[in-house]
Amino acid sequence: MKAKIRNNIVAALSASVAVLSAAQASAEEITVAYFLEWPMPFEYAKQMGTYEEALGVDINWVSFESGVKMSAAMASGDVHLSVSQGVPPFVVATSAGQDLQILDVAVSYADNDNCVVRSELEIDKSNAGELAGKKVAVPLGTAAHYGFLKQMSHFGVDVASMDVVDMDPPDGAAAIAQGAVDMFCGWGGSLRRALEHGNVLITGAEKTELGILVFDVTSGPADWVAENGDMVTKFLAVTADANAMWADPANHAEMLPLIAKDAGMDEAATMETMATFSFPTVEEQLSATWLGGSAQEFMKGVADVFVEAGSIDSALDTYENAVNTGPLAAVGGM
């Protein structure tokens, strides 16, 4: 009998070890989504291996074309954190019931996400009404889509009268270059390429005045964040340190080459792009201007615009539960 009991205990312990080993194996690597041609200070730390050192796990960095695809990857469990996901695709996902959380404000960039009209059309803000009936490339459910809807509303253009084609920014930039579309909406390197063939209707400052805020976030599935709070805090701390380092121009010479390499860009284009970015400090992010209230209100506004446009079925009553400032607040205590 003792031998039988002992064998049962050994079997139980072996099973426990197997379960523990599986859990450890799953925790030995995490997958983080990011964008190419979207240069940010975190990429310096990414290239230096600082995240792996701080978190104690390997990181599988995977590039995506849009925040919508990031949401899908997080829904399937293939991605644990998304760096610089646009707020509109985040809103689309959470409005549909996906349990995601905003963890920090990754970047603010009013001038780096916009719509471009082909030069040959000679359309600017003075005659924007002529866009009715035109063909536009827009990555649906993204910050560019939201900005497009708000701009068309501002200029009194009926979107239903337009031929709106769902295209990721790289494809949209190629389409406007070929003359296949009349207008492009997108960001980053694709926006720069599109601007070689056209003009914007309004500037970043004018967009901000219209309430078209443009910022990205670090996001993750709520369940995974709850189970890995310490790891999330360490990740956000590395990001915050890299942002603080970039804030001092004296560090640009050291950081720029690695950021450019990671973004897949040359240094001149990288600097030009980052000059249009701002990276709020942890304290600023936790304030009422951002995650302390304004971001939640902005998300509700984005959702309501998408509902009105027929892009999503319904909005949540509030997006307060879609923001988790716990890990970010803990960064200050590290």
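Remember, predicted model here, so these are calculated numbers, not experimental data.

(A) Looking closely at empty space enclosed by the protein. Overall, the coordinates contain two cavities of 30 Å³ or more when judged by the stated rule. Of the pockets and cavities examined, the largest cavity occupies roughly 80 Å³. Together, Phe35, Trp38, Gly67, Ser84, Gly86, Pro89, Tyr109, Asp113, Thr142, Ala143, Trp187 and Asp216 line the largest cavity. Here the residues of the lining of the largest cavity are counted per class, giving six nonpolar, four polar and two charged. Taken together, Val87, Pro88, Ala143, Tyr146, Leu213, Val214, Phe215 and Phe298 form the lining of the second largest cavity. Within the residue set of the lining of the second largest cavity, elements represented by two or more residues are α5 (87-95) and α6 (143-155).

(B) Quick peek at the state of the cysteines. Inspection of every chain in the model, using the stated rule, returns one disulfide. Between the sulfur atoms of Cys115 and its disulfide mate Cys185 the distance is 2.1 Å. When the S-S torsion is 105°, as for the bridge of Cys115 with Cys185, the disulfide is right-handed. A residue pair is termed long-range when its members are at least 10 positions apart, and Cys115 in strand β5 (residues 113-118) and Cys185 in strand β8 (residues 183-187) qualify at 70 residues. Of the two residues examined, Cys115 and Cys185, each falls in the buried class.

(C) Expanded view of the side chain of His145. Within the secondary structure, His145 is located in helix α6. With a relative accessible area of 5%, His145 lands in the buried category.

(D) Local environment of α6. Under the 1.5 Å per step criterion, the end-to-end length of α6 is 18 Å for 13 residues, consistent within 8% with the ideal 18 Å. In terms of burial, α6 is a largely internal element, ten of the 13 residues being buried. Buried within α6 we find Ala143, Ala144, His145, Tyr146, Gly147, Phe148, Leu149, Gln151, Met152 and Phe155. One or two residues past the end of α6 sits Gly156, with phi positive at roughly 70°.

(E) Up close: the sheet that holds strand β2 (residues 58-64). Taken in spatial order, the five strands make up an open sheet running β2-β1-β3-β10-β4, and their pairing is mixed. Each having just a single partner strand, β2 and β4 (100-108) make up the two edges of the open sheet. Neighbour-to-neighbour, the strand axes of this sheet turn through a mean angle of 25°, independent of strand direction. Bridge count between strand β1 (residues 29-35) and strand β3 (residues 81-86): two bridges; the pairing is parallel. Paired with Val32 across the two strands is Leu81, which belongs to β3. Its contacts with the sheet place helix α11 (residues 229-246) against β1, β2, β3, β4 and β10 (215-221), and it is angled at close to 5° to β4.

(F) Representation of the packing of aromatic side chains within the structure. In this structure the tally under the stated criterion is 14 aromatic pairs. Relative to Phe298, the ring of Tyr146 lies with its centre 5.7 Å away and its plane at 85°, an arrangement referred to as edge-to-face. Here Tyr146, found in helix α6, pairs with Phe298, found in helix α15 (residues 294-308); they are 152 residues apart in sequence, far enough to count as distant. Take Tyr146 and Phe298: they sit in the same class, and that class is buried. When the ring of Phe277 is compared with that of Phe279, the centres are 6.0 Å apart and the planes differ by 90°; the resulting orientation is edge-to-face. Taken together, the aromatic side chains of Tyr34, Phe42, Tyr51, Trp61 and Phe235 make up a single cluster linked through ring pairs. Directly above the aromatic system of Tyr34 lies the positively charged group of Lys46, at a separation of 4.6 Å from the ring centroid.

(G) Geometry of the packing of α6 against α15. The geometry of α6 relative to α15 is characterised by a closest axis approach of 11 Å and an angle of 70° between their N-to-C directions. On the basis of their axis angle, the class for α6 and α15 is roughly perpendicular. In this structure, α6 meets α15 at a crossing whose hand is left-handed. Of α15, the residues touching α6 (which contributes His145, Tyr146, Leu149 and Lys150) are Phe298, Val302, Val305 and Phe306.

(H) Quick look at the sheet that holds β5. The sheet built from five strands is open, its strands ordered β7-β6-β8-β5-β9 with mixed pairing. In this open sheet, the two edge strands, each paired with only one partner strand, are β7 (163-166) and β9 (198-200). Pairs of neighbouring strands in the sheet enclose a mean axial angle of 25°, with direction left out of account. Across the sheet, α6 touches β5, β6 (135-138), β7 and β8, and the angle it forms with β8 is around 135°. Where helix α7 (residues 169-178) meets the sheet, its contacts fall on β5, β6 and β8, and the angle it forms with β8 comes to roughly 150°.

How each quantity is defined
- Every residue gets a number counted from 1 within its own chain, in the order that chain's sequence is written.
- Only residues with pLDDT of at least 70 get local features here, since the model is predicted, and only at 80 or more are side-chain atom pairs given and counted; chain-wide, interface and lining totals rely on the full set of residues.
- Note: side-chain values were computed over all heavy atoms of the structure, leaving out hydrogens and water.
- Any residue with an atom within 4 Å of a point lines the site, the site being either a cavity, points on a 1 Å grid over the protein atoms alone where a 1.4 Å probe fits but cannot get out, or a pocket, an open set with protein on both sides within 12 Å along at least 5 of 7 lines.
- Grid points are joined across faces, edges and corners, and a volume is the space filled by probe spheres set on the points.
- When residues are sorted by character, Ala, Val, Leu, Ile, Met, Phe, Trp, Tyr, Cys and Pro go into the nonpolar class, Asp, Glu, Lys and Arg into the charged class, and all the rest, Gly among them, into the polar class.
- By definition, any uninterrupted DSSP run of H or I lasting at least four residues is a helix, any uninterrupted run of E lasting at least two residues is a strand, and each is numbered from the N terminus.
- Pairs of cysteine sulfur atoms within 2.5 Å are identified as disulfides in what follows.
- Accessibility here uses a 1.4 Å probe with only protein chains present; expressed as a share of the type maximum, an area under 20% marks a residue as buried, one over 50% as exposed, and anything in between as partly exposed.
- Expected span of a helix, by definition, is 1.5 Å for each gap between consecutive residues, and there is one gap fewer than residues.
- At least two DSSP bridges between two strands are needed for those strands to be called paired.
- Comment: axis = line fitted to C-alpha atoms, over the contacting stretch for helices; angle = value between 0 and 180 degrees taken between N-to-C directions.
- Between two residues, a contact is recorded if the distance between any of their heavy atoms is within 4.5 Å.
- Stacked, edge-to-face and tilted labels apply to pairs of Phe, Tyr and Trp rings (six-membered ring for Trp) whose centres lie within 6.5 Å, assigned for plane angles under 30 degrees, over 60, and everything in between, in that order.
- Here, a charge over a ring is recorded when the distance from Lys NZ or Arg CZ to the ring centre is within 6 Å and its angle to the ring normal is within 35 degrees.
- Angle categories: roughly parallel below 35 degrees, roughly antiparallel above 145, roughly perpendicular from 65 to 115, and oblique for all the rest.
- Each crossing gets its handedness from the near helix: less than a right angle anticlockwise from the far helix is left-handed, clockwise is right-handed.

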